[in-house]
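Coordinate inspection notes
Read off the chains here:
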Amino acid sequence: MKTRTLLFSCLALILAGCKPSAPAPAEKAAESAATPGAAKSGKPQVLVANYPLQYFAQRIAGDAVEVRFLAPKGEDPAFWQPDEAAITAFQNADLILMNGAAYSKWADKVTLPESKVVDTSAAFASGFIEVRDATTHSHGPGGEHSHSGTAFTTWIAFDQAAKQAQAVSDALIKLVPAAQDAMTKNTQALKSELDALDARMTAVGHRLVQYPLVASHPVYHYLARRYGLNIKSVLWEPETAIDDTALNDLRAVLANHRARWMIWEGEPTKENVDKLASIGIQSVVFDPCGNVPESGDFMTVMKSNVEAMENAFR
């Protein structure tokens, strides 16, 4: 009996020695790097340049892909500088959805796999607006920047947003063809909502054709062109108190541009609203929603924008 027990013990030791050991952390990292497009979910990885593209991709693809938007909350994605880890994530993605119109300044300085990059505004690139002689300024963590060059807030002209949504849809269907039927249906629903917003803003524009406006920031070029709005811009932030210098800058604009309304990117402080009201300027918010909103989503923000414009200009 003792002999049999000893034999079984030796056999167990031999078998244990043949069992492969668990990989070390460095080996796990190497295994992960070998399949860069795969996530823990196992779904294709789609990286996006801004929040509108994230919203479009998620509305269209649903659970078929994993959509990632890496810019920090509260920072303008157009002037964001991704770190090395973020750049690597873009390079390893299965699909990269870019806004186009010179939106992502950082992309000119790195190498991205061309076969995976989709410029979602390519369909209307011939109609890009070029901005010249814009003043350099700073706001938020992005540091100093200028709005000279190509105007990039393309999606607030809702006809262009619909074309970007279609480009997103085409790319996602190519990536996951098995989900084509569901994606096509979702795309049609999304574009129908964008078309409805376009029609509503067109009606607002018809009422505003003879009325000049001012804007807190030079981001409304495509909105103005699409809907016939006469807008001149200053360089203000909604949360920054209007000082005498800013007020003098506005008065210089108003000398030849008799506006009675200012369009803000975000909700201005009560003090700012009151200060403008004291010189006969009322305030309305049209949030471009380039980053994730505090509440709601892209569509609820855009519907709120249009409703605010409708209520202001009945």
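Residues numbered from 1 in each chain as written. Predicted model: local features only at pLDDT ≥ 70, side-chain atom pairs only at ≥ 80, totals over all residues. Heavy atoms only, no water.

Let us now look at the overall build of the protein chain. If you tally the helices and strands in the protein chain, you get 10 helices and 12 strands. Across the 314 residues in the protein chain, those meeting the buried criterion constitute 44%. Within the protein chain, counting contacts between residues at least 6 apart in sequence, those at least 24 apart form 61% of the total. Accessible surface, the protein chain: about 16,400 Å² in total, of which carbon and sulfur atoms supply 53%. (Helix = DSSP H or I, 4+ residues; strand = E, 2+ residues; numbered from the N terminus. Buried < 20%, exposed > 50% of the residue type's maximum accessible area, 1.4 Å probe, protein only. Contact = heavy atoms within 4.5 Å. Areas by Shrake-Rupley, 256 points an atom, 1.4 Å probe, with all protein chains shown as cover.)

Read across the open sheet, the 4 strands follow the order E2-E1-E3-E4; overall the sheet is parallel. Across the chains shown, the open sheet's two edge strands, defined by having one partner strand only, are strand E2 (66-69) and strand E4 (117-119). Looking at each pair of strands side by side, their axes are set apart by 25° on average, direction ignored. Relative to strand E3 (residues 95-98), strand E1 (residues 45-48) runs parallel, the two being bridged by 3 bridges. (Pairing = 2+ DSSP bridges. Axes fitted to C-alpha atoms, helices over the stretch in contact; angles between N-to-C directions.)

All right, on to the sheet that holds strand E10 (residues 230-233) then. Spatial ordering of the open sheet is given by E10-E9-E11-E12, a layout of 4 strands whose pairing is parallel. The sheet terminates laterally at E10 and strand E12 (282-285), the two strands that pair on one side only. Here the average twist between neighbouring strands, direction ignored, is 35°.

Non-glycine residue Ala 102 carries a positive phi angle of around 55°. Its location among the elements puts Ala 102 in the loop between E3 and E4. The residue Cys 289 is not glycine, and still its phi comes out positive at about 60°. With respect to the helices and strands, Cys 289 occurs in the loop between E12 and helix H10 (298-312).

Okay, helix H4 (residues 84-91) next. For H4, the full list of buried residues reads Ala 86, Ile 87, Ala 89 and Phe 90. An end-on view of H4 places all buried positions within 155° of arc, on one side of the element. H4 presents Glu 84 and Ala 85 as exposed residues on the side facing more than 90 degrees away from its buried surface. Residues of H4 that are buried in the fold lie against E1, E2 and E3. With a side-chain oxygen lying 3.3 Å from the backbone nitrogen of Ala 85, the N-terminal cap of H4 falls on Asp 83. (Arc of directions from axis to C-beta. Polar contact = N/O pair within 3.5 Å; in protein donor to acceptor, adjacent residues only side chain to side chain.)

Moving on: the environment of Gln 188. Residue placement: Gln 188 occurs in helix H6 (residues 180-207). Along the primary structure Gln 188 and Ala 162 are separated by 26 residues, whereas in three dimensions their C-alpha atoms are 9.7 Å apart.

With that out of the way, let us pick up the confidence of the model for the protein chain. Residues of the protein chain with pLDDT of at least 70 account for 82%, and the chain-wide mean is 87. Throughout residues 1-38 the model reports pLDDT below 50, and contacts reaching past four residues in sequence, or to other chains, amount to 8 contacts. This model gives residues 142-146 a pLDDT under 50, and the stretch forms 15 contacts once residues within four places in sequence are excluded. (pLDDT = per-residue confidence, 0-100.)

Attention now moves to the packing of aromatic side chains. Counted according to the given criterion, the structure contains 13 aromatic pairs. Ring centres of Phe 79 and Phe 152 lie 5.7 Å apart, and the angle between their planes is 75°; on these two criteria the pair is classed as edge-to-face. Placement of the pair is Phe 79 in the loop between E2 and H4 and Phe 152 in the loop between strand E8 (149-150) and helix H5 (158-175), with a sequence separation of 73 residues. Among the residues examined, Phe 79 registers a relative accessible area of 8% and is labelled buried. Judged by relative accessible area, which is 8%, Phe 152 ranks as buried. Relative to Trp 155, the ring of Tyr 103 lies with its centre 5.9 Å away and its plane at 70°, an arrangement referred to as edge-to-face. Of this pair, Tyr 103 sits in the loop between E3 and E4 while Trp 155 sits in the loop between E8 and H5, placing them 52 residues apart in sequence. Tyr 103 sits in the buried class, given a relative accessible area of 1%. Of the residues examined, Trp 155 reaches a relative accessible area of 2% and is grouped as buried. Following the ring pairs from residue to residue traces out a cluster consisting of Phe 79, Tyr 103, Phe 152 and Trp 155. Over the ring of Phe 79 we find Lys 105; its NZ or CZ atom is 4.8 Å from the centre of that ring. (Phe/Tyr/Trp six-rings, centres within 6.5 Å; stacked < 30°, edge-to-face > 60°. Lys NZ or Arg CZ within 6 Å of the ring centre and 35° of its normal.)

On to the nonpolar core. Judged by nonpolar contacts, the single largest core of 72 residues is most densely connected at Phe 56, Leu 172, Leu 194, Met 201, Leu 229, Phe 286 and Met 309. Counting residues per element, this core draws most heavily on H5, which supplies 8 residues. In contact with Met 201, other than residues within four places in its own chain, are Phe 158, Leu 223, Tyr 227, Leu 229, Phe 286, Val 306 and Met 309. Judged by nonpolar contacts, the second largest core, of 15 residues, contains Ile 242, Ala 246, Leu 247 and Val 253. (Core = buried A, V, L, I, M, F, W, Y, C linked by side-chain atoms within 4.5 Å.)

On to the pairing of strand E11 (residues 261-264), then. Residues Trp 261 and Ile 263 of E11 are buried on one face, and the alternating residues Met 262 and Trp 264, pointing to the opposite face, are buried as well. Relative to E11, strand E9 (residues 212-215) runs parallel, the two being bridged by 2 bridges. Bridging across to E11, Val 214 finds its partner in Met 262.

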